[in-house]
Amino acid sequence: YQCEFEDLNVLLRAWTAEQECVLAEVAGFFSGFSTTVPGANVKEPQLNVAKQNRELAAGTNKVEAANDTLFTKATRKVQFAAATEKIYEQLTYQKSDVISDNLTTNTDALGSVMKVAFDETQGGSVNDIIAKTQNLVAGKVNTEEWNSQPEVKTFVIDQSIELMARAHILSQQMPTTLANVSVVQVDTYKATMADLCKLVKKMKASYQTIQLSVGLKAFIGIFINQLSIVCCSGKKLQVLLEEINKRKEAILIRLQLSKFVEKHPGLEHRAGVQPGGTFVLVYLNKVQAAAAVEKGRVEKVVATDDILKARNPLTDFKMRASTPIIEKSITNIDSITGTNSLLLNDNLEVLERFIRPTNLPNNTVVADFSLPYLCCSDCAPINFIIAKPPVSLRLDRDEFCLGKDTGPLIFEVSPEDGTIKADPEVTGVTIDGKKLIFDAALFPKEMFDKPIHFTVNDQITQAQITVYRAVQFDFTVPEPPTSEKKITFIPTGNLEGATFLWSFGDDNLSTERNPTHIYSLPVNMENKVTVSLTVTAPNGVCHNTIEHDIEFVVEETKISLKDDNFCVNDKNSYPFEITPTGADAKIEGSGVGLDDSNGFVFIPANATVGEITFTLNGELSDLKVTVNEAPHSKFVPDQVENRLILTNISTSADTYVWIVNGKEFAAINSLPHIIPLTAGSPTLWALQLRAVSKKCGINTSEVIEFETRFNEQVPVDNCVEEAKVSIVIDSRILAKLQSPNSDFVQQIWQRTSQLYGGTAEFNKGVLNDIDNYLSGENNDRLQTNFIQLLLDTQNIIVEIDRIKIKEDFNKLIELFALQLRLFYNVLDCQDAAVIKEFTDELRGILNRIIGILKFFKEMKVIMPNSLKEFMKAYSDKVKDIGLLVEYLNIITEQNLI
């Protein structure tokens, strides 16, 4: 083994060291990406592109130096080991841990997750490792910040995981000894390498367009180029395998007796061997003979012929005779064996007559010879390996965009006078000494996207280059200076299949082919922007950027009004202020008119209610105003039992003043005004309502005279009617909480509105079947209707930022309060027997409510005063229902509302 293969083993160790050097660097870098900050790498503060390049170059020199040392050792005298079996016991196949040992395992680094995945999937496939890692990292990167940058997430998380997983499997498939270099091993390694290189090519085509720092992109480029070099390593293994098989075949041939005789024709049979000579034993190898028989008829003849020679009496005589007789015997033996072969070809049965039946055991010695000299030591005294001078070749890049990149590429070649050739030779590619020149007019189309390799002094090198077709394009911008704010950009050129990235110079981007962008002027101090278009060719590699400047008119016409809030009953005219003074301006919009001097004015009384925008010279201006509806005061009086109930149906008011028999009662909301009637109460009432709007003044209703009569009989239980009134009033409050501009509020508002019902849009709620709800017939629906809605409302309340979106937070609290009030109102008038029947279902809901209120208290979420007042009044109404009293006492004692 050492004599015949040690030089190849040295080459394998050097090759393995080189692969592991690159894979270790790759593992350390790509596992350093942060799982908390998109696009960050925990090693970035330590990195410097120029320094890293030097370190990589130094690393390569170290490998080459190690190789030189190993080759020097290979030239020394080597000896065979004691036995082949002991040698192969030392060739145990050990899988490499270069990837897992070089991971960056900081707390927030991707490598910490990869390390766990490697440990938990030992012996698994690459898909097992990828799936396990993605499962472990999912909780860390499934955030709004990560999801807003899908391209960064795909590259630094998904593709980095796949890269390290495939590199890990590849490193474990690298043969560490020649005993492991087999057809299966090499094919497996090459297949894994092909998958890895396919991924590397995809990452190479995408990393330039991802929003990463310049430093990180530079490092990614370095490591991807290093991996591209590794991609050719399978070819080295293939060459090594072919050389191993060639040498094995030569060894087996030399071990055959016929070849040994050709090399040493002085064999003779003696009684032993003289000192300093070689003693030769010839033994029977039945295994080899049996294998030969299975290969075919001709090989049967040859194998049998060899046996005949060993058994022929003349052969025995030859072994004992002197040298002159040997020469004659050889002639006679050749004649006899030729006859035997002929007979065997004619009829194998006849051959049996010439063979003395025997049953020799395997490995039986059938002859011995001697040579008068020492023919073969364990190894040659000195084994000199004179290899071809090592060559190396390097290009600054391994990709060239024809039509974009210019100038010749310069080779770095060793030896300096080495002859460089392209493999294969391509038309339009010229090598002038150390210069590589491309001619776009001659380069063949079929060679685009295919790698071109190079040799130095006819030796294969790792240098290669792939030529891609660049995109030729341009786009136009308005002539400067321009007053256009809305500009459509149209690129020109052969752009089929290309991708686009526009930068409009004002921090806005687009990936459309023909985007339209509206500028807000002035864009900056100079009122000038640089628009750039980066087009990436369909090959995904060639990309080019073209820039054009747009210069805008310095001054911009603007309009304004003295206020932004008006009332619809305001008939005054408000002139528009136009800047710069004297600029041409045509103003259009609701409520816009002309005064006596043909100046543009705004008349609120002529405008529509709501937010109004205006166009200036045909374009939408920045001016917005709100026209508010004037308050309208209206109410309906009614006597219910011994109560005078005044229901407020006013609109567009903020506060109210009830005027009852000349006495005023202020109200901050639109709830009904209730006056208890006694025996001494007036029978004739003068009633009036004043509606007050902070923006649009006051509106007072006409005086309504209403007559009441005190009923001295025992009042009828009017609980159901009061509950209905209370639910209807709450539904009106609910309608005002609609917030279409807030996703948080709107989804809870819609679900709460569905629960209330009573409208054309929401017509399957409590109000649509109120009698059955108030009687308890629908108690079996309460858990389904209320529990999930209460929990979902709780979750959104505690998740949103109560400081930044305070208005949404307050509305969600109001919606939660309305949900509780509806639940308690439904139970308000039910008989104790009905409550008892549904005790288990109701207790489940009440326990949920207590849990939510306790959680709110811990989170310092304060319930509205209106809910506190409701619960206080409610406690008095249900004091005879034990289940409700039990939970109301918990709320009161623990101050949960």
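As a starting point, this report considers the structure included with it. (Residues numbered from 1 in each chain as written. Predicted model: local features only at pLDDT ≥ 70, side-chain atom pairs only at ≥ 80, totals over all residues. Heavy atoms only, no water.)

A look at the overall build of the protein chain
Phase 1 of the analysis: The helix and strand inventory of the protein chain stands at 26 helices and 36 strands.
Phase 2 of the analysis: Scored against the burial criterion, the 897 residues of the protein chain give a buried share of 41%.
Phase 3 of the analysis: Within the protein chain, contacts between residues at least 6 apart in sequence are counted, and of these 66% link residues at least 24 apart.
Phase 4 of the analysis: When the accessible area of the protein chain is evaluated, it comes to approximately 50,000 Å², of which 51% is carbon and sulfur surface. (Helix = DSSP H or I, 4+ residues; strand = E, 2+ residues; numbered from the N terminus. Buried < 20%, exposed > 50% of the residue type's maximum accessible area, 1.4 Å probe, protein only. Contact = heavy atoms within 4.5 Å. Areas by Shrake-Rupley, 256 points an atom, 1.4 Å probe, with all protein chains shown as cover.)

Side note on the environment of Ile420
Phase 1 of the analysis: By the secondary structure assignment, Ile420 is in strand E7 (residues 420-423).
Phase 2 of the analysis: For Ile420, a relative accessible area of 9% gives the class buried.
Phase 3 of the analysis: Taking the C-alpha atoms as reference points, Ile420 and Lys434, separated by 14 residues in sequence, lie 7.7 Å from one another.
Phase 4 of the analysis: What Ile420 contacts, discounting residues up to four positions off in sequence, is Leu393, Phe411, Val413, Ile431, Gly433, Phe454, Thr455 and Val456.

Digging into the packing of helix H24 (residues 839-858) against helix H26 (residues 882-893)
Phase 1 of the analysis: The interhelical angle for the contact between H24 and H26, taken along N-to-C directions, is 10°, at an axis separation of 11 Å. Looking at the two axes, H24 sits roughly parallel to H26. Of the residues in H26, those in contact with Thr839, Leu842, Arg843, Leu846, Asn847, Ile850 and Leu853 of H24 are Leu883, Leu884, Glu886, Tyr887, Ile890 and Ile891.
Phase 2 of the analysis: Residues that form the contact of H24 with H26 fall into these classes: 9 nonpolar, 2 polar and 2 charged. (Axes fitted to C-alpha atoms, helices over the stretch in contact; angles between N-to-C directions. Parallel < 35°, antiparallel > 145°, perpendicular 65-115°, else oblique. Nonpolar A, V, L, I, M, F, W, Y, C, P; charged D, E, K, R; others polar.)

Some points on the side chain of Ser742
Phase 1 of the analysis: Inspection of the secondary structure puts Ser742 in the loop between helix H18 (719-735) and helix H19 (743-756).
Phase 2 of the analysis: For Ser742, the side chain forms a polar contact with the main-chain nitrogen of Val745, separated by 3.3 Å.
Phase 3 of the analysis: Of the polar contacts made by the side chain of Ser742, one reaches the side chain of Asp808; its length is 2.8 Å. (Polar contact = N/O pair within 3.5 Å; in protein donor to acceptor, adjacent residues only side chain to side chain.)

Some words on the pairing of strand E29 (residues 635-640)
Phase 1 of the analysis: Of the pairings in the sheet, the one linking E29 to strand E30 (residues 643-648) comprises 6 bridges and is antiparallel in character. For Gln639, the partnering residue across the bridge sits in E30 and is Leu644. (Pairing = 2+ DSSP bridges.)

Focus on the sheet that holds strand E10 (residues 451-456)
Phase 1 of the analysis: Read from one edge of the open sheet, 4 strands run E4-E11-E10-E7, paired in mixed fashion. In this open sheet, the two edge strands, each paired with only one partner strand, are strand E4 (399-402) and E7. Each adjacent strand pair in this sheet contributes to an overall mean axis angle of 30°, direction not counted.
Phase 2 of the analysis: Alignment of E4 against strand E11 (residues 459-469), held across 4 bridges, turns out to be parallel.

Let's talk about unusual backbone geometry
A negative phi angle characterises most non-glycine residues, just as the trans form characterises most peptide bonds.
Phase 1 of the analysis: Looking along the chain, the bond that leaves Ser414 and enters Pro415 is cis, with omega of 0°.
Phase 2 of the analysis: In this fold, Pro415 is placed in the loop between strand E6 (412-414) and E7.
Phase 3 of the analysis: The residue after Pro480, namely Pro481, is reached through a cis peptide bond having omega -15°.
Phase 4 of the analysis: Along the chain, the position of Pro481 falls in the loop between strand E12 (473-475) and strand E13 (486-488).
Phase 5 of the analysis: Located in the positive-phi region is Asn617, a residue other than glycine, with phi close to 55°.
Phase 6 of the analysis: Mapping Asn617 onto the fold places it in the loop between strand E27 (610-616) and strand E28 (619-628).

Overview of a negative patch on the surface
Phase 1 of the analysis: Together, Glu777, Asp780, Glu837, Asp840 and Glu841 line one region of the surface with negative charge.
Phase 2 of the analysis: Position of Glu841 relative to the elements: it lies in helix H24. (Patch = residues over 30% accessible without salt bridge, like charges linked within 9 Å, V, L, I, M, F, W, Y side chains within 5 Å. Salt bridge = Lys/Arg side-chain N within 4 Å of Asp/Glu carboxyl O. Lys, Arg positive; Asp, Glu negative; His and termini not counted. Charge placed at Lys NZ, Arg CZ, Asp CG, Glu CD.)

Observations concerning a nonpolar patch on the surface
Phase 1 of the analysis: On the surface, Val273, Phe279, Leu281, Tyr283 and Val365 cluster together into a nonpolar patch covering about 470 Å² of accessible area.
Phase 2 of the analysis: Among the structural elements, Tyr283 can be located in strand E1 (residues 278-283).

Re the packing of aromatic side chains
Phase 1 of the analysis: Enumeration over the complete set of coordinates arrives at 25 aromatic pairs.
Phase 2 of the analysis: Summarising the aromatic geometry, the rings of Phe30 and Phe33 are spaced 6.2 Å apart at their centres and angled 55° between planes, so their arrangement reads as tilted. Exposure class is identical for Phe30 and Phe33. Each is buried.
Phase 3 of the analysis: Ring geometry for Phe566 and Tyr574: centres 4.9 Å apart, planes at 55°, overall tilted. (Phe/Tyr/Trp six-rings, centres within 6.5 Å; stacked < 30°, edge-to-face > 60°.)

Comments concerning the side chain of Thr708
Phase 1 of the analysis: For Thr708, the location among the structural elements is in the loop between strand E36 (704-707) and H18.
Phase 2 of the analysis: A relative accessible area of 5% places Thr708 in the buried class.
Phase 3 of the analysis: Within the local environment of Thr708, its side chain forms a polar contact with the backbone oxygen of Pro682, the two atoms lying 3.3 Å apart.
Phase 4 of the analysis: For Thr708, the residues in contact, after removing those within four places along its chain, are Gln639, Leu644, Leu677, Pro682, Thr683 and Trp685.

Observations concerning the nonpolar core
Within soluble globular proteins, side chains that are nonpolar tend to cluster in buried spots.
Phase 1 of the analysis: Of all hydrophobic cores here, the largest spans 64 residues; its most connected members are Leu782, Phe816, Phe823, Tyr824, Leu853 and Met863.
Phase 2 of the analysis: Per element, the largest residue contribution to this core is 13 residues, and it comes from helix H22 (residues 806-827).
Phase 3 of the analysis: Apart from the residues within four sequence positions on either side, Phe823 is in contact with Leu782, Phe786, Ile845, Leu846 and Ile849.
Phase 4 of the analysis: Residues Phe30, Val113, Val141 and Leu227 belong to the second largest nonpolar core, which totals 61 residues. (Core = buried A, V, L, I, M, F, W, Y, C linked by side-chain atoms within 4.5 Å.)

Structural notes on the packing of H22 against H24
Phase 1 of the analysis: Interaxial distance between H22 and H24 falls to 13 Å at its minimum, and their mutual angle equals 150°. The angle between H22 and H24 falls in the class roughly antiparallel. For the pair H22 and H24, the crossing hand works out as left-handed. Where H22 approaches H24, its residues Phe816, Leu820, Phe823, Tyr824 and Leu827 are matched on the opposing element by Leu842, Ile845, Leu846, Ile849, Ile852, Leu853 and Phe856.
Phase 2 of the analysis: Class assignment of the residues belonging to the contact of H22 with H24 gives a composition of 12 nonpolar, no polar and no charged. (Left-handed = near helix turned anticlockwise from the far one by under 90°.)

Section: the sheet that holds strand E33 (residues 673-676)
Phase 1 of the analysis: Taken in spatial order, the 3 strands line up as E29-E30-E33 in an open sheet, and their pairing is antiparallel. Pairing within the sheet leaves two strands with one partner each, and these edge strands are E29 and E33. Across the sheet, the mean angle separating the axes of adjacent strands is 15° when strand polarity is ignored.

Some words on the state of the cysteines
Phase 1 of the analysis: Applying the stated criterion across every chain yields a total of 4 disulfides.
Phase 2 of the analysis: Between the sulfur of Cys401 and that of Cys542 lies a disulfide, 2.1 Å long from S to S. Handedness of the Cys401-Cys542 disulfide follows from its S-S torsion of about -110°: it is left-handed. Of this pair, Cys401 sits in strand E4 while Cys542 sits in the loop between strand E18 (528-536) and strand E19 (543-551), and the two are 141 residues apart along the sequence.
Phase 3 of the analysis: Between the sulfur atoms of Cys719 and its disulfide mate Cys829 the distance is 1.9 Å. Looking along the S-S bond of the Cys719-Cys829 disulfide, the torsion reads about -90°, which is the left-handed sense. With Cys719 in helix H18 and Cys829 in the loop between H22 and helix H23 (832-837), the pair connects residues that are 110 residues apart, well separated along the chain.
Phase 4 of the analysis: Residue Cys829 is classed as buried on the basis of its relative accessible area, which comes to 18%. (Disulfide = S-S within 2.5 Å.)

As far as function goes, none of this settles anything; it's purely spatial.
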